[in-house]
Amino acid sequence: MKAHPNEHSATPAPIKGIPVWLSGAAFMLFVGTLHGHASPEPIEFNRDIRPILSKHCTACHGGVKAAGGISFIYRDKALAKGKSGEVAIVPGNPGESELIKRISSTDEDEVMPKPEHGARLSESEIIKLKTWITQGANWSEHWAFVPPKQHPLPQVKDASWGKVPLDAWILAKIESENLAPSPNAPPQEWLRRVSLDLVGIPPTLEEWESFSAEYQNNPRSAKEHVVDRLLSSLRFGERWASMWLDLARYADTFGYEKDPHRDIWPWRDWVIRALNADMPFDQFTIKQLAGDLLPSPTGDDLLATAFHRNTQNNTEGGTDDEEFRVAAALDRVNTTWTAWQATTFGCTQCHSHPYDPFPHKDYYRFLSFFNNTEDNDLNDDFPRVAFPDQPSTRDTAVRLWKERATLRNKINDSGLTLEKRLSQSWTRWTPTEASASGGALAVSDSGKIDASGTLPVGVKYTLSMPAREGITALRLEISPDSQDPKKWPERGSVLSELKLTLVQPDGKKEAVPLREVIADYLAGPFDPQETLNSDKGGFGGYPVLTGPRWCVIVLDAPIKTIEGAKLELLMSQGAVYNGGQGTPIRHFVWSTSTDAQWLEWVQSETHKTELAQLKGLDSELQKLGGVKVPILAERSSGGLRANRMFIRGNRLTPGDDVEPGIPEVSRPPQKQDGLSRLDMAQWLVSEQNTLTARVLANRLWAECFGRGLVETLEDFGTSGASPSHPELLDHLALRLRNEHHWSIKSFLREVALSATYGQSHKTSKQLLESDPRNALFARGPRIRLTAEMVRDQSLAISGLLSSKMFGAPVYPPQPEGVWNSTYSNAKWTTSEGEDRYRRGVYTYVKRTSGYPGYLTFDAPTRDACSARRIPTNTPLQALVTLNDPAFVEMAEHLAKRMLSAGGKIEEQIRFGCRLFTLTTPSKSMVDTLLKLHAKALAENPNDAVKPLLLVANTLLNMDSALSR
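Residues numbered from 1 in each chain as written. Predicted model: local features only at pLDDT ≥ 70, side-chain atom pairs only at ≥ 80, totals over all residues. Heavy atoms only, no water.

Now for the overall build of the protein chain. Counting its secondary structure elements, the protein chain contains 30 helices and 20 strands. Dimensions of the protein chain, computed from C-alpha atoms along their principal axes, come out at roughly 105 × 95 × 45 Å. Across the protein chain, every contact between residues at least 6 apart in sequence was considered, and the portion connecting residues at least 24 apart equals 73%. A total accessible area of about 40,300 Å² is found for the protein chain, and carbon and sulfur atoms account for 52% of it. When the 110 positive and 118 negative side-chain charges of the protein chain are each reduced to one mean point, those points stand 2 Å apart. (Helix = DSSP H or I, 4+ residues; strand = E, 2+ residues; numbered from the N terminus. Contact = heavy atoms within 4.5 Å. Areas by Shrake-Rupley, 256 points an atom, 1.4 Å probe, with all protein chains shown as cover. Lys, Arg positive; Asp, Glu negative; His and termini not counted. Charge placed at Lys NZ, Arg CZ, Asp CG, Glu CD.)

A separate point is the packing of aromatic side chains. Inspection of the entire model under this criterion finds 45 aromatic pairs. Between Phe 45 and Trp 132, the aromatic rings sit 5.5 Å apart at their centres with planes inclined by 40 degrees, giving tilted as the arrangement. Separated by 87 residues along the polypeptide, Phe 45 in helix H2 (residues 45-56) and Trp 132 in helix H5 (residues 123-134) bring together distant segments of the chain. Judged by relative accessible area, Phe 45 falls into the buried class, the value being 4%. Here Trp 132 falls in the buried class, since its relative accessible area comes to 2%. Seen from their ring centres, Phe 145 and Phe 358 are 5.6 Å apart, and the 90 degrees between their planes marks the pair as edge-to-face. You can see Phe 145 sitting in the loop between H5 and helix H6 (166-176) and its partner Phe 358 sitting in the loop between helix H14 (321-341) and helix H15 (360-367), a full 213 residues away along the chain. The pair Phe 145 / Phe 358 is uniform in exposure class, with both members buried. Pairwise contacts between aromatic rings join Phe 145, Trp 337, Phe 345, Phe 358, Tyr 363, Tyr 364, Phe 366, Phe 369, Phe 370, Phe 646 and Trp 683 into one cluster. (Phe/Tyr/Trp six-rings, centres within 6.5 Å; stacked < 30°, edge-to-face > 60°. Buried < 20%, exposed > 50% of the residue type's maximum accessible area, 1.4 Å probe, protein only.)

Here the focus is the sheet that holds strand S10 (residues 509-512). Taking strand neighbours across the sheet as the criterion, the five strands line up as S3-S6-S14-S9-S10 in an open arrangement whose pairing is antiparallel. The outermost strands of the open sheet, each flanked by one partner alone, are strand S3 (433-436) and S10. Strand-to-strand, the axes of this sheet are offset by a mean angle of 20 degrees, without reference to chain direction. Across four bridges, strand S9 (residues 497-503) lies against S10 in antiparallel orientation. Within S10, the residue paired with Thr 501 across the bridge is Ala 511. (Pairing = 2+ DSSP bridges. Axes fitted to C-alpha atoms, helices over the stretch in contact; angles between N-to-C directions.)

Geometrically, the link from Phe 382 to Pro 383 is a cis peptide bond, its omega value of -15 degrees lying close to zero. Residue position: Pro 383 is located in the loop between H15 and strand S1 (384-387). Residue Pro 489 follows Trp 488 across a cis peptide bond; omega there is 0 degrees. One non-glycine residue, Phe 777, adopts positive backbone phi at about 55 degrees. With respect to the helices and strands, Phe 777 occurs in the loop between helix H23 (765-770) and helix H24 (787-798). Its identity as a non-glycine residue notwithstanding, Phe 806 has a phi of 70 degrees, on the positive side. By the element assignment, Phe 806 lies in the loop between H24 and helix H25 (852-856).

Let us look at the environment of Tyr 823. Counting through the fold element by element, Tyr 823 comes out in the loop between H24 and H25. Not counting chain neighbours up to four residues away, the residues in contact with Tyr 823 comprise Glu 257 and Lys 258. One polar contact links Tyr 823 to Glu 257, side chain to side chain, over a distance of 2.7 Å. (Polar contact = N/O pair within 3.5 Å; in protein donor to acceptor, adjacent residues only side chain to side chain.)

Let us now look at the pattern of salt bridges. Close approach of charged atoms lets side chains of opposite charge pair. Using the criterion set out here, one finds 60 salt bridges in the structure. Residue Arg 399 is joined to Glu 403 by a salt bridge in which the shortest nitrogen-to-oxygen separation is 3.0 Å. Highlighted residues: Arg 399 and Glu 403, both in helix H16 (residues 391-421), separated by four residues, approximately one helical turn. Of the charged contacts in the structure, one is a salt bridge between Asp 481 and Arg 491, with a shortest N-O distance of 3.3 Å. Placement of the pair is Asp 481 in the loop between strand S7 (473-478) and strand S8 (490-495) and Arg 491 in strand S8, with a sequence separation of 10 residues. One network of salt bridges, with partners in common, ties together Glu 98, Lys 101, Arg 102 and Glu 110. (Salt bridge = Lys/Arg side-chain N within 4 Å of Asp/Glu carboxyl O.)

The next point concerns the nonpolar core. Trp 267, Phe 366 and Trp 701 are the most contacted members of the largest nonpolar core, which has 163 residues in total. Considering each element in turn, this core owes the most residues, eight residues, to helix H20 (residues 692-705). In contact with Trp 267, not counting residues within four places along its chain, are Trp 244, Leu 245, Ala 248, Tyr 250, Gln 288, Leu 303, Ala 304, Ala 306, Phe 307 and Asn 310. Core analysis: the second largest hydrophobic core is formed by 36 residues, Val 459, Leu 502, Val 512 and Phe 588 among them. (Core = buried A, V, L, I, M, F, W, Y, C linked by side-chain atoms within 4.5 Å.)

This part covers the environment of Lys 923. Topologically, Lys 923 is positioned in helix H29 (residues 923-939). A residue is classified by how much of its surface remains accessible, and Lys 923, at 63% relative accessible area, is exposed. Sequence spacing of Lys 923 and Arg 910 is 13 residues, and the spatial spacing of their C-alpha atoms is 9.7 Å.

Burial analysis of helix H12 (residues 281-290) places eight of its 10 residues in the buried class, which makes it a mostly covered element. By the burial criterion, the buried members of H12 are Phe 281, Phe 284, Thr 285, Ile 286, Lys 287, Gln 288, Leu 289 and Ala 290.

Below is the structure:
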C-alpha cells in the first residue's frame, strides 16, 4: 500500500495507546480489539459522521466556502483532490486520507480545524472518522432528502398498550430507556385536552356529562364519538386556520412603515372553509400556489392564490417599487420552502447553502416560478378580483373576469396579427420641432428622440412635422437607456395620454380622433387603450421598463391634408411610481403607415362586436360587486421578465440567466424543461418529494403534543434537530399521504385516539429526571394555550363567545393608545355587538401594531412566515389576563354566570372552577378563593358581583386554565 507522502512529516497526536501509523484493516483490527471484538459496528453517515463534519468542518469546507477546494457537503468534492494536490478522503484507507492527517496533526500550520476556528476533534470523533473511511466512506444524503419508507412495527414488551400503530414506536423507545408510559389520563383531562386541540374551545359541562356517562360503559367508543363530533364542528377550521395563517404571514395590512389596510380577509375565510371541508392537503397546496394556472379555475381556486399576496408592500414615498417587488418574490420562495419543506433554503439567496446541498444557482431557478406574476409593489391594486359573498356568485365573477381578460387579449392579438402582416408599411416620422414642458428633447437624423434633464411628473412633449396625406396609423417604439439586457429593468417609461392635432397653414387646429391602441403585449396594471382617454394609465413599461416596447395607434379615419399643414403630437406622461416619481419616456421613435387595412380592421363588424362584448362584461362585473382581493396571475408570454441570478444576493448585480427548476437533491420531476408554477406545486405534493408529508405530519403532531418529532419545525436540514423517532416520522408521513390521502382530519383522529395522546400529563420523579422535556412522549402533553385560545376560552366560559363566522376582521377591546397610525387617520374603533366577542382568528392583524393580548402570548407579528411559536412565561402575560379591558369584561360576565348558578358562595366558586377543569376543586383551592371573596366583599358589601369578579379574574389566570 502506498504510503502518504507526508505521513511522517509531523508527529500525530496520540489517541490513548492507538498507534497513529495504523491504517486500513490493521487499524480496524486494533480498534475491534479495544472493544473486545474483531468487527466494529458499521458506521452510519447521517448518524455518526455528518454531525462531526457539520460541527467542525463545513464552516470552512461547506457550501459557502470550500477552502482548499474541498467541500464536505458534496461527496464528489470531498473525495476529490484539493488545491494542495492531496485527496481529503480515500475510501478504505484513512492513512492516505488528508482529512485524517490534518485532524490528527500537532503541527499548527497543518492541524484542522485551526485553533481560531474551533476546538480540536475529540478522540472518539477521530476514531469514528477513521472507522468510517476504512469501511469505505459510504455517503448518504441527509435523512430529510431520502424518501420515507415503511418500517416494520417494532417489538414491544407490553403489546396491549397501543391503540393505533404509531403507539408501537413510542412504546419501543420508552422501553429502550427502561421506562414505562404514564397511566391513562382521567376522562376530564383527556376531554379538555382534545377539545382545545381540535377546536380551540374547552368543553361545556353538558358535553362533559354526556361524555362521562358514555365513558363509564365504553371508554373507546366514547372517545371516538367525541373526536368525530369535534372534527365535524365548524369550530375546527377556525382553530387550525391560525397555524396556517402564521405560515402564510397573513395580516390585514401591507406592512413596512406606513402599513395601510389591505382587503385580503376573504382568503382567510377560504382557509377556514377548506379546513372544515377537510380539503386534501395536496389540493390545498396546489390551489394556493397555482390555482390560477389550473385548467378551469373556479372562484375559490383563484381566491386561494392570495396565499402569496400576503407578502408585504412598501408604500412609503421614495422607495423603489422594483426593489420591493423582488423582495416579495424572494419572500415567496422562502415561505414556500419553510411552509412545505421546513428547510432554510433562503440561505442560498446570497451563496450556496453552508450545510445542505443547495447550490446558489438553485435559489434563482426556484425564484423563476414567482418572478413572472403580474403583481408589483403598487398598493395591491393589480391584479385584484372582486369576490362576492356567495360562492356561486364568486364563480360567476371569476368566470366573467377571465372571459374579459381572454377577450381583451384576443382583440389585441388580432391587431398584432395585422401588424405582423403590415410590418413593411411603416415610415420613420422625424419631428421638425420638439419641445418639452420640463427637461429637453434632442432629435437625431434617424428620427430617434432622446429626453434629458429634469423631467417632472406630468411632463409633456410636443412634436410637430409636416403632415402626410392618408395616415391611418402611428407606431411608437420605446427603448431602454442601456442596450445591455443585464442592466434591465430600468425606470418606468409610460405614455399616459396621446393627442394628435392637424394644424392648418393659417394656424387653425383640428383634433384628429384616435380609435385603437395595439400593444406588443398586455401586462401590468394599465390597459394601453387608456392612452387615448386618460392621463394616468397608458402604454409603456410600468413600474419599470423590462426591455424595448412598441405599440400601434390606429386613427378613426385617414388624415386629409393640404400643402403647408402640420401634424402635432402631444405626449403626456402622468403615471407615477416609487411613491411619486414620474415615468417619462426617454428614448423613442415614431413611424406612420398609410395602409387602409388598419381602418378596415377597427371598423369591421367583428371588431365592433368584440368591443361591445368587452363593455358588457365590464358592466356585469360592476353589478356583481364584492371585496376586491389581490390574487396571483401570470404575465403574458410576451411580457415575461428575465430570470437571472443575483451575485451575492444583490438584485443590482445580476448574473447569468436561469430557467425555472427544482434542486437536484430534492428529487425534481423528470420533466425539467419549461416547468411552470403549477408543475412546482404538483411536485411539492408528489411521491417524489421527500419532505412535504414529513413536514406536515410533524407540524400536526407538534400542535397536539407541544413539540415535534423533529423539534425544529422550521428546519429539517443539517443544522436542524434530528428526529427523535425517525421510523415513526416516516410511518406518519406515508400514512398521511398514502392511507389518509392527505386528510388532515383523518390524521388528527388517529393521533387523538392513540394511547400516546391519551396518557396523563402527570409525571413521575423518574420520568422528570430522565426526560424533562418529554422527548420520549412517555406522558401526556401539557402545554400552554395559544394566544387565540387564551382569549377564546375566556369568551366561551364567560358565556360571551359569538358563533358568527367569516367576514371582515373585528376590533375587540384593547388598551387605549396602543394603535396610533402615523400616516393615516385609521383608528382602532372597538367593535360592538357580537363582533366584539368573536373568535381570535377574526381579530384585525396590523403588522406594525399587533393585538397586544396575542403578542404577549407569543403570537407572531406576521411580517414573515412563522413555522413555530415558542412559548414564553413572563409577568406581562399575567398583566394581560388580569388587567386587559377585554379580560376584565369577560371576568365580569363570568362572575354573573357564577352568581346565576345559585346556591352559596362556595357552590358558585366550585361551579366556576368546574367550567375550566370539569372537576370539583380541592378544599384548599376553594378556601383560598373564599378568603379572596370575603376580603373583596368587605370592601364592597352592597355589590354581589364585584367580589365575585375578583374570583372570576383569578380563575382566568389559573395555571390549569391556561394549559391544555
